[in-house]
Amino acid sequence: MIQTPQGLVDGLGRKIDYVRLSVTDRCDFRCVYCMAEDMEFLPRAQILSFEEIVSLGRSLVNLGIRRIRLTGGEPLVRGGIVNLIRALASLPGLDEVTLTTNGSQLTKLAQPLKDAGLKRINISLDSLNAERFLRMTRRDMLARVLAGVDAAIAAGFERIKLNAVVMRGYNDDEIFDLLEYAQTRDIDISFIEEMPLGEIRSHDRKQAHFSSDEVKQYIEQRYQLLPSTETTGGPSRYYRIPGQTGRIGFISPYSHNFCSSCNRLRVTAEGRLLLCLGQENSLDLRSILRGYPGEPERLENQIRDAVSRKPAGHEFADQDAPQVLRFMNMTGG
């Protein structure tokens with residue numbers, strides 16, 4: 001593993017410059033593809049403190065990380081999140097701090113987040129139908145989320161993107177509705193294949209699977225999709241509809257996995273550095289941060305060593321039997 005001016009490079013030659021960092025495993029939703037209805041969350045003492053997150057962020061920037069995305073659970077349910085974003089956004093050498101949210105808190109937090117230095121925001125929105133939204137999230141909050149989208153638009157973020165997990169028999173007949181909702185607001189939307197994380201009992205993943213190719217073919221019945229070379233550093237493959245501003249993305253962990261070009265690491269809420277979304281190998285950053293405070297070199301050396309062992313890719317093979325038993329809220333989006 002070597003460090004270059006362009007960032008970290010793993011043992012397979014992939015440049016690592018992007019970290020998705022969970023600030024909490026808690027969420028005010030219980031989305032069927034993300035977690036069970038009855039969840040036990042981590043005690044507060046096991047979660048990284050904001051001071052630890054900022055120290056970690058500083059070391060990650062020293063190692064060449066240029067983008068940090070805050071995730072959860074739902075990151076906006078953690079008190080003081082605006083101050084954390086302000087601290088991270090001020091780190092010299094970090095290009096941007098972004099965030100993924102379910103949108104439930106944006107009516108009150110969109111403008112403070114923007115003022116704190118948040119540049120881009122992703123908002124999960126799987127249905128525009130209140131009854132279906134309740135079925136998928138187990139919470140009756142559609143109106144609140146839609147108001148949050150409006151608040152984000154009013155705040156003037158550089159980019160806003162909707163994330164929609166498409167599930168057969170749940171929302172696959174809303175693809176046009178969701179697309180047109182985004183297009184009329186000049187914001188992006190990505191359609192996502194469900195990821196097999198956690199032992200889910202609410203539905204049969206194999207039956208609910210709806211591939212990105214199916215979504216794309218469905219859209220092309222009505223619209224021309226032109227491939228775009230634009231990227232945000234994440235896994236979306238983007239397209240544009242002629243004459244429209246918003247981009248359409250596809251995230252395909254099953255059908256078109258992006259492992260060969262993976263540029264990211266994940267840090268869970270309790271401080272585990274995950275080298276791959278679909279595998280359990282990890283480094284306990286919390287024990288280093290707490291056992292050796294004020295020794296960033298030790299932390300950075302451990303991260304370098306771990307990145308050198310980043311696996312080639314995940315092994316999402318069976319949509320019914322997850323290889324990883326941690327839920328998505330533990331993984332960090």
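What comes next is a walk through the structure. Everything numeric here is computed off the predicted structure, so don't read it as measured data. (Residues numbered from 1 in each chain as written. Predicted model: local features only at pLDDT ≥ 70, side-chain atom pairs only at ≥ 80, totals over all residues. Heavy atoms only, no water.)

1. Describing the packing of aromatic side chains
The following threshold applies: We call Phe, Tyr and Trp rings a pair once their centres come within 6.5 Å, taking the six-membered ring for Trp, and we label the pair stacked below 30 degrees between planes, edge-to-face above 60, and tilted otherwise. A run of DSSP states H or I qualifies as a helix once it reaches four residues; a run of E qualifies as a strand once it reaches two. Both are numbered from the N-terminal end. Buried residues are those whose accessible area, probed at 1.4 Å on protein chains only, stays under 20% of the maximum for their type, while exposed residues exceed 50% and partly exposed ones sit between those limits. Only Lys NZ and Arg CZ are tested; either one counts as a charge over a ring when it is within 6 Å of the ring centre and within 35 degrees of the ring normal.
Under the definition given, this model contains five aromatic pairs. Summarising the aromatic geometry, the rings of Phe176 and Tyr223 are spaced 6.3 Å apart at their centres and angled 70° between planes, so their arrangement reads as edge-to-face. Here Phe176, found in helix H6 (residues 175–183), pairs with Tyr223, found in the loop between helix H8 (212–219) and strand E10 (226–227); they are 47 residues apart in sequence, far enough to count as distant. Taking the relative accessible area as the measure of exposure, Tyr223 reaches 24% and is therefore partly exposed. Three or more aromatic residues joined by ring pairs make a cluster, and in this case those are Phe176, Tyr218 and Tyr223. Positioned over the ring face of Tyr170 is Arg135, at 3.8 Å from the centre of the ring. Above the plane of the ring of Tyr238 lies Arg247, whose end atom (NZ or CZ) is 4.4 Å from the centre.

2. Some words on the packing of helix H3 (residues 106–116) against helix H5 (residues 142–155)
As a reminder, the rule being used: To define axes, lines are fitted to C-alpha atoms, for helices over the stretch in contact only, and angles between the resulting N-to-C directions are given on a 0 to 180 degree scale. Roughly parallel means an angle under 35 degrees; roughly antiparallel means over 145; roughly perpendicular covers 65 to 115; every other angle is labelled oblique. It is the rotation of the near helix from the far one that decides the hand of a crossing: anticlockwise by less than a right angle makes it left-handed, clockwise makes it right-handed. Should any heavy atoms of two residues lie within 4.5 Å, those residues are considered in contact.
Close contact between H3 and H5 brings their axes to 8 Å; oriented N to C, the two are set at 25°. Judged by the angle between their axes, H3 and H5 are roughly parallel. At the point where H3 passes H5, the crossing takes the right-handed sense. Residues Leu106, Thr107, Ala110, Gln111 and Lys114 of H3 touch H5, and the partners they reach there are Arg144, Ala147, Gly148, Ala151, Ala152, Ala154 and Ala155.

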